[in-house]
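Below are the chains, spelled out letter by letter.
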Amino acid sequence: MNEMIENLLSHRSIRKFKSKRLNQQQIETIVCSAQHASTSSYMMAYSIIGVTDDSKKERLAEITGQSYVKHNGHFLIFCADLNRVTIKATNDEYENMLDNLENSEHFLVSAIDAALAAQNAAIAAESMGLGICYIGSIRNNIAAVDELFHLPKHVIPLFGMAIGYPAHHPESKPRLPIDAVYFENGYQDHEDALDRFDEKIGNYYAKRSENNRKDTWTDQMKRRFQKTIRMDVTNHVKNKGFNKK
Ligand SMILES: Cc1cc2nc3c(=O)[nH]c(=O)nc-3n(C[C@H](O)[C@H](O)[C@H](O)COP(=O)(O)O)c2cc1C
């Protein structure tokens, strides 16, 4: 197994960081790695906001309810960005672009581009001995985050990423068995694989060194999807000119 694969397989989210901040060179290496991800039709339809202002980090910690949003080596926010492609358009060209720009296809394109860039950033950071945690809970109040960073029309915040020097070493979290996610030549029934996984994850939750509990993956998912969350995201996304048609 090569070093790259070993790094990928030893990923775990880090939620406790030392107070040491990343230096400019580390930040630029991580962002540059993010930028080299593949991007749909060369659109590069994302922006990355680095948060260095402590009062903004404080506000993000309030919104997310997660202290590691404030205490880390650096914090990034990944945004879907369809604004940039309109900047050089005349008023007429802009009007002609809107139907296409604001459809579901380009909402997906921008979210996919941002996610690919983010995962490159994560892998780069981890290869440098740093830890990361994605932070989707910035969408607990997507409108407030959007306003905090003065995002223009056609730009929305998707998720954050806390990066820093790990101050704990959690166990790696098991993943679904391969036969539950990889199918050849068509979608396949995989209920048995879920049973096997529930047993495995049940043991993991019972025995892990932090936050242990009695749970299974399928129970976790059933609970999650019976509770409505972040219902305001739909309107916010549409109001900012994404996924409108
Ligand atoms: C888009 C995205 C958003 C996430 N948001 C949060 C979050 O808000 N808070 C958090 O503690 N972890 C968050 N996570 C981390 C996941 O909980 C974690 O990746 C998952 O449980 C698997 O654990 P592992 O990363 O340690 O393998 C997020 C992950 C992703 C990909």
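Rules used throughout
Sequence positions are assigned chain by chain, starting from 1 and proceeding in written order. Since the coordinates come from a predicted model, pLDDT governs what is reported: local features require at least 70, and pairs of side-chain atoms require 80 or more to be given and counted, while whole-chain, interface and lining totals use all residues. Each side-chain value is worked out from all heavy atoms of the structure, with water and hydrogens disregarded. Partly exposed describes any residue whose relative accessible area lies between the buried limit of under 20% and the exposed limit of over 50%, with all areas from a 1.4 Å probe on protein chains only and scaled to the type maximum. Helix numbers and strand numbers start at the N terminus; a helix is a DSSP run of H or I with at least 4 residues, a strand a run of E with at least 2. Here, a strand pair is defined by DSSP locating no fewer than two bridges between the strands. To qualify as a nonpolar core, a set must consist of buried Ala, Val, Leu, Ile, Met, Phe, Trp, Tyr and Cys residues joined through side-chain atoms within 4.5 Å. Any two residues having at least one pair of non-hydrogen atoms within 4.5 Å are treated as being in contact.

## Remarks on the pairing of strand β4 (residues 155-164)
Next up, step 1: A large share of β4 lies buried, amounting to 10 of its 10 residues.
Next up, step 2: Where strand β2 (residues 74-81) meets β4, 8 bridges bridge the pair, whose relative direction is antiparallel. Paired with D81 across the strands is V155, a residue of β4.
Next up, step 3: As defined by bridge partners, strand β3 (residues 131-135) adjoins β4 across 5 bridges and the pair is classed as antiparallel. Residue G131 lies in a different strand from β4, and its bridge partner there is G164.

## Some words on unusual backbone geometry
Next up, step 1: Phi angles above zero are rare outside glycine, and S41 is one such case at about 45 degrees.
Next up, step 2: Within the secondary structure, S41 is located in the loop between α2 (24-35) and β1 (46-51).
Next up, step 3: The backbone of H150 shows a phi angle near 55 degrees, a positive value even though the residue is not glycine.
Next up, step 4: For H150, the location among the structural elements is in the loop between α6 (142-148) and β4.

## Details of the nonpolar core
Next up, step 1: In terms of nonpolar packing, the biggest core is built from 31 residues, with I30, M161 and I163 touching the most fellow members.
Next up, step 2: For this core, the secondary structure elements donating two or more residues are α2, β2, α4 (91-101), α5 (104-127), β4 and α10 (232-239).
Next up, step 3: The dominant element in this core, judged by the number of residues it contributes, is α5, at 7 residues.
Next up, step 4: In contact with I30, not counting residues within four places along its chain, are L22, L76, A121, A124, A125, M128, L130 and I163.
Next up, step 5: Of all hydrophobic cores here, the second largest spans 21 residues; its members include I135, V145, L148 and L151.

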